[in-house]
Amino acid sequence: MPHYLFNNLNNQITTMTTLVNLLQHKGNSINGITTNDNLKRRITDLLITSTIAFAAYGFIIGLQQGILQAMAGMVKLPMLYLLTLMICLPTYFIFDSFLGSKSNILQTVALALTGITITSILLVGFAPVTLFFLLTMNNYVAFKLLNVLFFAISGFIGARQLYVLLLGELEEGNGKNFVRRKKLLRLWLLLYAFVGTQMAWTLRPFFGVQEGKFIFFQEIRGNFYTNLLHNLIEIIK
C-alpha cells in the first residue's frame, strides 16, 4: 500500500477510535489524561477529530448558499472553536496555577479539547436534521435560527462536559483553594462563552447572507445578541 494511503487510512481509524472512546468510554479517556498517558498523541487525536467534525458541519450549513460558502464554512467553523480556546485557555491555566493547580499545560489542553470534541460530535449528530431542512426549507432566517438552536444545545452540553472535566481535575477536598478554583472555573466558562459568541460574530457569515452572494467575512458592526433578537422578531412577524 502506498505510504500516503496508509497515512490516510491510519488517520481515519484514529478519528473513529477517538470518537467511539468519547461516546462509549469517556472515563478511560479522562483517566489517560490525568495520568499523563501519551498526552501529545491524545491532543493530536482530539484536534484531528474535532477539526473534521466541525469542518463537516460547517460545509453542510454553508451549502445553504452554494459550494463556495460551504468550503468557507469548512475552514471557519473549526477556526471558531479552536481560536476561542486558544484565546481563553491561557487565562484559565495561569490563574488556576496561581491558585494551586499542579496540572501541566498539556493536561489542561487535553481536557479542554475533550470538551470541544464532544461539542463537535454532537453537532455532527444534528447534521442529518440540518441537511433535511436545508433541502426542504426555503427560508434563510428560519434555517439560521434553527442552527443557532443546534449550536446552543451542542455548546451547552459541551461546556457542561468541559466544566465537569476541569472540575474533576481540581484537588479533592473543600479547602479554600478548592472553593476559589471552582469559582474561577465558573467565571472562566462565562468568559469562554462570551468570547465564543463574539468570535462567531467576527468570523461570520457561516450561512451566507440573505442577498445570496458569497462573502467570506462581513464588516464588523453590531453584535451577536442584537442580531439574534432582530432575527427572532423577523421570524415572528
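Quick note: structure is the one above.
An account of the accompanying structure is given in this report. (Residues numbered from 1 in each chain as written. Predicted model: local features only at pLDDT ≥ 70, side-chain atom pairs only at ≥ 80, totals over all residues. Heavy atoms only, no water.)

Going through the model one piece at a time under the given rule, you end up with 8 aromatic pairs. With 6.2 Å between their ring centres and 90° between their planes, Phe143 and Phe207 make a pair best called edge-to-face. Linking Phe143 in helix α6 (residues 140-169) with Phe207 in the loop between α7 (176-203) and α8 (224-236), this pair joins segments that are 64 residues apart in sequence. In terms of burial, Phe143 and Phe207 fall into one category: buried. (Phe/Tyr/Trp six-rings, centres within 6.5 Å; stacked < 30°, edge-to-face > 60°. Helix = DSSP H or I, 4+ residues; strand = E, 2+ residues; numbered from the N terminus. Buried < 20%, exposed > 50% of the residue type's maximum accessible area, 1.4 Å probe, protein only.)

Next up on the list: the packing of helix α3 (residues 39-62) against helix α5 (residues 105-136). For the pair α3 and α5, the least separation of the axes is 8 Å and the interaxial angle reads 25°. Judged by the inter-axis angle, α3 sits roughly parallel to α5. Between α3 and α5 the crossing geometry is left-handed. A class-by-class count of the residues in the contact of α3 with α5 yields 20 nonpolar, 8 polar and 1 charged. (Axes fitted to C-alpha atoms, helices over the stretch in contact; angles between N-to-C directions. Parallel < 35°, antiparallel > 145°, perpendicular 65-115°, else oblique. Left-handed = near helix turned anticlockwise from the far one by under 90°. Nonpolar A, V, L, I, M, F, W, Y, C, P; charged D, E, K, R; others polar.)

Further remarks concern the side chain of Thr49. With respect to the helices and strands, Thr49 occurs in helix α3. Relative accessible area serves as the criterion here: at 3%, Thr49 is assigned to the buried category. Polar side-chain contacts of Thr49 include one of 2.9 Å to the backbone oxygen of Asp45. (Polar contact = N/O pair within 3.5 Å; in protein donor to acceptor, adjacent residues only side chain to side chain.)

Glancing now at the packing of helix α4 (residues 67-98) against α5. Where α4 contacts α5, the axes come no closer than 11 Å and their chain directions differ by 145°. α5 is crossed by α4, and the crossing has right-handed handedness. For the pair α4 and α5, the contacting residues are Tyr81, Leu82, Leu85, Leu89, Tyr92 and Phe93 in the first and Ile105, Thr108, Val109, Ala112, Leu113, Ile116, Thr119 and Leu123 in the second. When grouped by side-chain class, the residues that make up the contact of α4 with α5 number 12 nonpolar, 2 polar and no charged. (Contact = heavy atoms within 4.5 Å.)

As for its placement among the helices and strands, Thr202 is situated in helix α7. Overall, the relative accessible area of 27% leaves Thr202 in the partly exposed class. Residues Thr202 and Gln218, spaced 16 residues apart in sequence, show a C-alpha to C-alpha distance of 7.8 Å. Not counting residues up to four positions away in its chain, the partners in contact with Thr202 are Phe217 and Ile220.

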